[in-house]
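Working through the structure, step by step
Residue-level listing of the chains:
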Amino acid sequence: MATASPSSPHEYPTRSSSFSDAIHPVDDVETQYDHDEETAGRGIGALYNIRSRTRSEADYTVINWDVKDPENPYNWTNSKKVLVVLIIVLLVTNSTMGSALPSMAMPNIAAEFHVTSRLQLPLPISLYLVGFVVGALIWGPLSEHFGRRNLTLATLGFLAIFTMACALAPSWPVFLVFRLICGIFAASPIAVVAGIMADIYGEPRTRGRAFAIFMATTVFGPLFAPIISGFVAPAIGWRWSFWIGLIWAGVTFVFTLFLPETFGPILLARRAAKRRKSDPASRIVAPRDLEKTDMSQLLTVVLLRPVQMMVSELIVITSCAYLAYAYAIFYMYFQVFPIVFRDLYGLSPGVTGLVYLPIGGGALLALPVFWYWDHVLYTAQARGAAWTKREEYRRLPLAILGGPMFVISLFWLGYTARTSISFVVPLLAGIPFGMGYLLIFMAILNYLTDAYEIYAASANSASSFTRSLFAVVLPLATRPMFENLGISGACSLLGGLSAVLCIIPFVFIWKGPSIRARSRFCIALKEQKEMALREELQRAEKQLK
């Protein structure tokens, strides 16, 4: 059967086993390969690179984006992209704020539900983070089936419902179950946001800057929560902390209604469906319509590969340990600050909530540092500097700066938190803490992406799993640790361990290339690149004949 004639420069006829060859002309193949790497490397979803290539022997006309197609998210106006980023910021702030919403209200919650065990007090935050772990495995892949927008609206709606359920919880066990479910749905924006960024920003440098803003918002969400619960719980009751969370979720939902669908394959599939409806005989399809998911490969990518990397890849093992430790300390602070500023200095719960703001200030100060380093790197790459060709030199200097700042902040807090010193002094330790924390994450996550490229989604999944696990477990030991060792002793222990871990970026710079040369995944990556290059050269030769 003859196919319809292509109606645009990017509609191509195809037959069964080689539709990907027909979709892209030779000039676009390298660009498409780069796009696939960028997509997989930012954890957009496990399904992207594991779809089998054909579903039928019939002939089709496969459509793709024109070079300047206005419906392609890459070609959207800057104002539309800014709107998307602002909505993402609201979504992430809403999700992460919920993680710490009970923090300053725990004495009131414990009193109402007659909770006497101190070991149970961290559970409302810990179970929310358990939900993050579960949700992160679900929402990323599902967003590629149902779209970013629809999935985000649905999960936000359920998050609002179960936030209301927390406000109405009749007992402690029921309250904990609702917190777990909230965490599962709250994980959706965090799991999908990297995909949205890659959907709308094709230029890596611009996307990196937008992603830095996103990372800063993940810090601010949990910092707003203690302020809310600190002022609200003693005055009008702890349940109002969750009613306010519900109101914020409702406001976020209204703004999210303006979020456009950003996932290109779904937009193309909708365009193809619209054309088929207007002309049923056209047999126009999008690439997505010819794909199917191999579930065995899905299980390998989503579950087994991250585990393999966690136990066999030295870079992944050490990076996961460093990020998980920093992330756990961040959530430990929701118990440490009440011990220091409420119990030691006698500040009210509301004022104690305000002492988290310097951490946010430090995170904001990390942004110009990141942008300055990005400018230095871009300038060096433009002039062909040899050092920019090494992944370690491109990313890890930020961690070399951030790691010592993180260590200093812990010792600063521990040795100045005493009644003979004004509470302002330990409060200011939050600035290097927030700055160091964000710089560490920016550097290590980018390094994992650069080092593992198409396997970076699995490396980042391993990192996400381990840091969420640490954030669940370590805060349970916070109060016993500070009661037994004292504030200075506990902070010294945490600072000492941080000092050991901050050596990791230095080791990567020193031995990174040799470690990667022995890495099974990096070797496979190199072989895949060489094979892809040979295939493209062969394809180009066939096109020229």
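Cut-offs applied
Residues numbered from 1 in each chain as written. Predicted model: local features only at pLDDT ≥ 70, side-chain atom pairs only at ≥ 80, totals over all residues. Heavy atoms only, no water. Helix = DSSP H or I, 4+ residues; strand = E, 2+ residues; numbered from the N terminus. Buried < 20%, exposed > 50% of the residue type's maximum accessible area, 1.4 Å probe, protein only. Polar contact = N/O pair within 3.5 Å; in protein donor to acceptor, adjacent residues only side chain to side chain. Contact = heavy atoms within 4.5 Å. Bend = angle between axes of the 7 residues up to and from the residue. Axes fitted to C-alpha atoms, helices over the stretch in contact; angles between N-to-C directions. Parallel < 35°, antiparallel > 145°, perpendicular 65-115°, else oblique. Patch = residues over 30% accessible without salt bridge, like charges linked within 9 Å, V, L, I, M, F, W, Y side chains within 5 Å. Areas by Shrake-Rupley, 256 points an atom, 1.4 Å probe, with all protein chains shown as cover. Salt bridge = Lys/Arg side-chain N within 4 Å of Asp/Glu carboxyl O. Phe/Tyr/Trp six-rings, centres within 6.5 Å; stacked < 30°, edge-to-face > 60°. Left-handed = near helix turned anticlockwise from the far one by under 90°. Nonpolar A, V, L, I, M, F, W, Y, C, P; charged D, E, K, R; others polar. pLDDT = per-residue confidence, 0-100.

Quick notes on the side chain of Thr-478
- If you trace the backbone, Thr-478 turns up in helix H20 (residues 478-501).
- Residue Thr-478 is classed as buried on the basis of its relative accessible area, which comes to 0%.
- Within the structure, Thr-478 has its side chain in polar contact with the backbone oxygen of Pro-475 (distance 3.0 Å).
- Filtering out sequence-adjacent residues up to four positions away, Thr-478 remains in contact with Met-332, Gln-335 and Val-336.

Digging into helix H21 (residues 504-517)
- The largest bend in H21 is about 75°, located at Lys-511, with the proline Pro-513 one to four residues further on.
- Taken as a whole, H21 has its buried residues at Ile-504, Pro-505, Phe-508, Ile-509, Gly-512, Ile-515 and Arg-516.

What about the side chain of Gln-335?
- One can find Gln-335 in helix H12 (residues 314-344).
- Filtering out sequence-adjacent residues up to four positions away, Gln-335 remains in contact with Pro-122, Pro-475, Thr-478 and Arg-479.

Some remarks on the packing of helix H16 (residues 397-416) against H20
- Between H16 and H20, the shortest axis-to-axis distance is 8 Å and the interhelical angle comes to 170°. With respect to each other, H16 and H20 are oriented roughly antiparallel. Contacts between H16 and H20 involve Phe-406, Val-407, Leu-410, Phe-411, Leu-413, Gly-414 and Tyr-415 from the former and Ile-487, Ser-488, Cys-491, Ser-492, Leu-494, Gly-495, Gly-496, Ser-498 and Ala-499 from the latter.

Concerning a nonpolar patch on the surface
- A cluster of nonpolar side chains, contributed by Leu-365, Ile-408, Trp-412, Val-424, Val-425, Leu-428 and Ile-431, occupies part of the molecular surface with about 520 Å² of accessible area.
- At the level of elements, H16 and helix H17 (424-427) are the ones that each hand at least two residues to the nonpolar patch.
- Here Leu-365 lies in helix H14 (residues 357-382).

So, the pattern of salt bridges
- All chains considered together, the criterion is met by eight salt bridges.
- A salt bridge links Glu-483 to Arg-118, with the shortest nitrogen-to-oxygen separation between them at 1.9 Å. Here Glu-483, found in helix H20, pairs with Arg-118, found in the loop between helix H4 (106-113) and helix H5 (123-146); they are 365 residues apart in sequence, far enough to count as distant.
- Its salt-bridge partner being Arg-342, residue Asp-343 comes within 3.4 Å of it at the nearest N-O pair.
- The exposure class of Asp-343 is partly exposed, given its relative accessible area of 45%.
- The network of salt bridges with common partners includes Asp-69, Glu-71 and Arg-271.

Description of the environment of Asn-75
- Tracing the sequence through the fold places Asn-75 in the loop between strand E3 (59-63) and helix H3 (78-99).
- With 126 residues separating them in the primary sequence, Asn-75 and Tyr-201 have C-alpha atoms 8.8 Å apart.
- Setting aside residues up to four positions removed in sequence, Asn-75 forms contacts with Asp-66, Val-67, Lys-68, Asp-69 and Pro-70.

Regarding the packing of aromatic side chains
- Counted under the stated rule, the structure contains 32 aromatic pairs.
- Seen from their ring centres, Phe-411 and Tyr-415 are 6.4 Å apart, and the 15° between their planes marks the pair as stacked. A residue pair is termed a helical-turn pair when its members lie 3 or 4 positions apart in one helix, as Phe-411 and Tyr-415 do in helix H16 at four residues.
- Taking the relative accessible area as the measure of exposure, Phe-411 reaches 31% and is therefore partly exposed.
- Centroid distance Tyr-447 to Phe-508: 5.3 Å. Interplanar angle 35°. Geometry classified as tilted. On the criterion of sequence distance, the pair formed by Tyr-447 in helix H18 (residues 430-452) and Phe-508 in helix H21 is long-range, its members being 61 residues apart. One exposure class covers both Tyr-447 and Phe-508, and it is buried.

A few points about the packing of H3 against helix H6 (residues 148-168)
- Put simply, H3 and H6 touch, their axes get as near as 12 Å, and they point 35° apart. Pair H3 / H6 crosses with left-handed handedness. Taking contact as the criterion, the partners of Leu-91, Asn-94 and Ser-95 in H3 are, on H6, Thr-152, Leu-156 and Leu-159.
- Split into classes, the residues belonging to the contact of H3 with H6 amount to three nonpolar, three polar and no charged.

Regarding the confidence of the model for the protein
- A residue-level look at the protein finds 85% of positions with pLDDT of 70 or above and a mean pLDDT of 81.
- Per-element confidence in the protein ranges from a low mean pLDDT of 31 for helix H1 (residues 19-23) to a high of 95 for H16.
- Within the model, the stretch residues 1-57 combines pLDDT values under 50 with 137 contacts to residues more than four positions away or in other chains.

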